[in-house]
Structure formats: structure tokens, C-alpha cells
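Close look at the chain arrangement
This is what each chain is made of:
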Amino acid sequence: MSTLPSENSIEDACSRSFWMPGNYQPTVKRTEDAFQACNDIVACFQERARVERQYAQQLSEWSNKWKPVVDSSPLYGSLLKAWQCFLSSADRLASLHASICRSLVSEDGDRVRTWQKDTFHKKLFGGFKESQDIETGFTRAQKPWAKRLKKLDKARRAYHKVSRKEQAAREREEHAQGNPDVAIDKQKKIQEERELAQQEAEKVRARYEKVLEEVNRYAPRYMEEMESIFDQSQDEERKRIVFLKQAFLSIHKHLDITNNESVRAVYNELHNTLMAIDEHEDLRWWKNTFGPGMPTDWPHFQEWMPEKKTKKGKKEVEKKGTIERSVMIGGVRVRALYDYVGQETDELSFKAGEEFLKIEDEDDQGWCRGMKDGGCEGLYPANYVEVV
């Protein structure tokens, strides 16, 4: 059977689109996420500060332990001075790493905490004022839009319902036509039922189209209001990105203390990564992932389509070569009642009124095999044709 993974993925993406009701929550949640990120950053580099302090202590202990041994060693001259230099270098490195520890805690950590306190204003019963303001703006903008979508969905379902009813009435009428077992009065009654169903379907369709027109007419205003609130959120996020970039660069400045070429290469790579932070690119990514740049399925008229007849077992019959089909010698001439477009390569397509040969009887799934005048063969629904 044929599958449509691309259409399913598009439909799933549209259902998660920024424009759909309630899907602005990821943008609102950025405020709380940024607050938590500040806590994690401070905790992360406080732990790194402890590593620096412990390393400084270990360097000092190592130097103090070996100084008496080195000073009393049998070495002399430049060789002794070279050995002693390892220990004095360790003392200087210990002092430097202790200074890094103090900078990470008192300078970088306090800087992030102060900015966090000034930027995020907690509410009495939880949450942040900044996220509440953004969410309130989105809610107000989406409320009339959500009502219109609800009304549109109701109209669409009503139209599809009467369309099914009309389709059933039309099929009853087609079945009754030319059937000698159905009385003339009965046929007339069936025809009247079909006409009433058709009139009702046209009336409901007109109502559906009117509601859809109202929704599409309101869409530009809705987009303008939503993008206005979204831009406010983007501006706040831009400030956060810029600040945290500077905070990371400050931490990097305190940690990058070496002139060794191999170690310098590591810190240069880190520095290049930090310098590559681009608030504009980050904001563009967010917009395309959770904001107005996401794909969406804007409201449009959805035509009702009759449910496709299941063909369960069709392929099983074809795969089992031992199962016999009732093959007709010469075939039976049939005429198509409706248009049919084959959904798979082994199916026959035809237009209403077209004639061709039925060469195999109907199987237990309601499918026959036919052959057109040009020799093209394929399966088709048995109830789509009549014998000529």
C-alpha cells in the first residue's frame, strides 16, 4: 500500500507551528530556561574554581615537600638551579591558580548572579514577571484567533457530514435507477431525498466558505499582533545572549594563562568558539524553529472525499501464486459509473462512462481485474462499474 511520510511530517510540523493556539509556550519558557541556565553556569564554574584551588594546593604541597631534598642534593651549579626552577615555577603557578579560583567565584560568579537578579523578577506565587508579560500578550492575541479556528472547524465538520449524507443519497439513487425491483414511486422518493441532501450540502458549504473567508480576513491582524509580542521576546533574548557571551569571554580570559603552544591551541579553539557566538544567527534559528519562520498549514478549504475502500488482502492474493482467480474467457463488457484514479501501479484508472472488459470476477475484498482496449490491465473497485 502507498504511504505518505512527507505529508504526515508536514502535518505534524504544522500542528506544532508557532501560529497554532498555545504553541507559543516554548518562546515563553525561554525566560525560565535562561534563569536556570544562569544557576547552572554559576554552579559549573564554582566547581571549576574548586578544581583550581585544589590544584594550587597540590602544587604548593609538592614544592614544599621537595625543596629540602633538592637543596641538599649532591647536584650543583646550573643543574641544581634548573631543578630548583621547577619548584619555584610550581609556587608561581600555585599562586596563579589560586588567583583564578578567586576570580571565578568573586568576579565572574558574582557578575552573573547580579545580572540574574536585575534581569529576572520573581513573582510572589512563582514564575517571573517577564514570562508572564509575554504569555499574557500571546494569550490576548490568540484568543480571538482560537475562537475563529474553533468556529471554522465546526463548520468544516458540518460540511463533511452533510457531504457524506449527500454521497450516500446519490449512491442510493444510482442503485435504484434502472432497477426493475424498485417501484417508480420509490425511485422518485429516493431522488427527492438526494435533491434535499444536495441542497443542504450546498447551504452548509456556503456557510463553511463564509467562515473560512472571515478567518483568512482576520489572519493579517493576528499575525501582526503575534509578531509584535514575539519581537519583544526576541529583544529580551538578544540581551541575554549578549550578556552571557561577555560572561563566557571573561571566564575564558581568567582561565587562559599559558603560553605553551599546544595548550594555547586548545584555548584558541575555545576562544574562537566563543567569538563565534552570534546573537543574530541564534535568534534567526529560534525564529525558524519555534517562531514565525516555522511552516504552518494556514486555514484553507478542505474538500470532503469519500473514504477509500480498504484493499486488505489484495496484495496477499497476488503474493500467493497458488490461489486461483476466476478468469473469464473473453471477458465481460462493463461501463464506469464514476471516475477512478488508481492509487497504486497495479490499479486501473478510468473516467465515468468509459467502457472496458472485466476479465476476472470480484474477490472477497470487492476488487475486480479489468483490461482496457489498449491492453492495459489492473484492479478496480467492483462497485464503480456496471455491466453493459
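Residues numbered from 1 in each chain as written. Predicted model: local features only at pLDDT ≥ 70, side-chain atom pairs only at ≥ 80, totals over all residues. Heavy atoms only, no water.

1. As for the packing of helix α4 (residues 129–176) against helix α5 (residues 184–255)
Interhelical geometry of α4 versus α5 gives an angle of 165 degrees and a closest axis separation of 7 Å. As far as their axial angle goes, α5 and α4 are roughly antiparallel. Crossing geometry of α4 relative to α5 is assigned as left-handed. Here the contact of α4 with α5 is built from residues that sort into 27 nonpolar, 7 polar and 16 charged. (Axes fitted to C-alpha atoms, helices over the stretch in contact; angles between N-to-C directions. Helix = DSSP H or I, 4+ residues; strand = E, 2+ residues; numbered from the N terminus. Parallel < 35°, antiparallel > 145°, perpendicular 65-115°, else oblique. Left-handed = near helix turned anticlockwise from the far one by under 90°. Nonpolar A, V, L, I, M, F, W, Y, C, P; charged D, E, K, R; others polar.)

2. With respect to the environment of His-175
As for its placement among the helices and strands, His-175 is situated in helix α4. Residue class for His-175 comes out exposed when judged on its relative accessible area of 59%. Distance in space between the C-alpha atoms of His-175 and Gln-187 is 9.6 Å, their sequence separation being 12 residues. (Buried < 20%, exposed > 50% of the residue type's maximum accessible area, 1.4 Å probe, protein only.)

3. Digging into the pairing of strand β2 (residues 355–360)
Of the pairings in the sheet, the one linking β2 to strand β3 (residues 367–371) comprises 3 bridges and is antiparallel in character. Looking across to β3, one finds that Lys-358 is bridged to Gly-370. Hairpin connection from β2 to β3: 6 residues lie between these consecutive antiparallel strands, with Gly-366 at a positive phi of about 85 degrees. (Pairing = 2+ DSSP bridges.)

4. Some details on the confidence of the model for the protein
For the protein, the average pLDDT comes to 83, and 82% of its residues sit at 70 or higher. Within the protein, the element-level pLDDT minimum falls on helix α8 (residues 314–319), averaging 47, and the maximum on helix α2 (residues 25–71), averaging 94. In this model, residues 1–5 is a region of pLDDT below 50 whose contacts with residues beyond four sequence positions or in other chains number 6 contacts. With pLDDT under 50 throughout, residues 312–327 is counted as low confidence; its partners more than four residues away or in other chains account for 20 contacts. (pLDDT = per-residue confidence, 0-100. Contact = heavy atoms within 4.5 Å.)

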